[in-house]
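# Close look at the chain arrangement
Read off the chains here:
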Amino acid sequence: MSSTQPITSNSQLFSSGNATEKTVKSTADSAQDRFMKLLVTQMKNQNPLKPLDNAEVTSQLAQITTVTGIEKLNSTLKLLVSDIESSRTVEAASLIGRDVLVPGKSLMLENNIALGGVDLPQAVDKLSITISDSTGTVVHTIDRTAQPAGVSTFTWDGMTDNGAKAANGNYSFSVSAKQGDKDIKVNPLALESVKSVSHGEHDAILDMGKSGLINYADVKKIF
């Protein structure tokens with residue numbers, strides 16, 4: 001899991017962006033200054049019987065222009081990536097306190113209703129959802145016919161296969177699917193509540209409480 005750091009304010013994000021812009025300019029100017037000093041030193045110490053010709057000087061000047069341009073481009077790209085990451089963190093902060101579907105197999109039965117989800121990479125002919133209690137005992141099975149590709153949800157009313165009403169609490173589920181005779185891998189999705197948001201190395205990090213930390217990109221649906 002990526003390392004995290006506390007979320008910053010918008011003013012801090014803009015300040016960081018300005019600082020990076022100054023670094024971009026400073027890095028490019030420093031490289032150009034070093035090259036020019038080397039070129040001047042080379043010209044001062046050149047062999048008077050075999051001086052640098054115009055073509056060689058022009059070639060070296062073209063090289064520093066190319067190198068400086070590449071450095072500025074790379075630094076600018078890093079700045080853009082940094083700005084995008086900061087924007088995603090601010091955007092993710094709006095999810096605090098909301099329920100989302102994320103990769104997981106947990107299922108919470110509360111007030112005789114539980115909601116979960118599945119992420120299908122392709123359409124399937126058959127889909128089976130098996131719900132188990134904390135001991136691993138199967139309490140209910142949901143069978144569905146043809147399902148489209150993508151994210152979909154399912155609900156459980158708490159009734160077990162033997163007709164009894166299950167107690168409220170934590171359950172888990174597994175999913176299997178088939179397209180013809182071929183087994184299709186299914187990604188189960190759990191309904192979780194976002195507790196807080198932090199900066200990550202490459203993406204915003206969501207704290208899901210007991211379920212741990214996940215990347216913002218892993219959120220499949222927002223409620």
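Above this text you will find the structure in question.
What comes next concerns the included structure. (Residues numbered from 1 in each chain as written. Predicted model: local features only at pLDDT ≥ 70, side-chain atom pairs only at ≥ 80, totals over all residues. Heavy atoms only, no water.)

## With respect to the sheet that holds strand E10 (residues 187-193)
Taken in spatial order, the 5 strands make up an open sheet running E7-E4-E10-E2-E14, and their pairing is antiparallel. The two strands at the open ends of the sheet, each matched to only one other strand, are strand E7 (150-156) and strand E14 (221-222). (Pairing = 2+ DSSP bridges. Helix = DSSP H or I, 4+ residues; strand = E, 2+ residues; numbered from the N terminus.)

## Observations concerning unusual backbone geometry
Its identity is not glycine, yet Asn111 carries a phi of approximately 55°, on the positive side. With respect to the helices and strands, the residue Asn111 is situated in the loop between strand E3 (106-109) and strand E4 (114-120). Even without being a glycine, Asn112 presents a positive backbone phi close to 60°. Checked against the element boundaries, Asn112 lands in the loop between E3 and E4. Residue Asn112 is classed as partly exposed on the basis of its relative accessible area, which comes to 33%. (Buried < 20%, exposed > 50% of the residue type's maximum accessible area, 1.4 Å probe, protein only.)

## Considerations on the nonpolar core
Counting residues in each nonpolar core, the largest one holds 20 residues, and the members touching the most others are Leu107, Ile131, Trp156 and Tyr171. For this core, the secondary-structure elements that each account for two or more residues are E3, E4, strand E5 (126-132), strand E6 (138-144), E7 and strand E8 (169-179). When residues of this core are assigned to their parent elements, the largest contribution, 4 residues, is made by E8. Setting aside residues up to four positions removed in sequence, Ile131 forms contacts with Leu107, Thr137, Val138, Val139, His140, Ile142, Trp156, Tyr171, Ser172 and Phe173. Of all hydrophobic cores here, the second largest spans 12 residues; its members include Leu95, Val100, Val102 and Tyr216. (Core = buried A, V, L, I, M, F, W, Y, C linked by side-chain atoms within 4.5 Å. Contact = heavy atoms within 4.5 Å.)

## Details of the environment of Gly200
Topologically, Gly200 is positioned in strand E11 (residues 196-200). Put simply, Gly200 and Tyr216 are 16 residues apart on the chain and 9.4 Å apart in space, counted from C-alpha to C-alpha.

## Here we look at the pattern of salt bridges
Evaluated as defined, the whole model comprises 1 salt bridge. With a closest N to O distance of 2.6 Å, Asp183 and Lys178 form a salt bridge. Assessed through its relative accessible area of 33%, Lys178 is described here as partly exposed. (Salt bridge = Lys/Arg side-chain N within 4 Å of Asp/Glu carboxyl O.)

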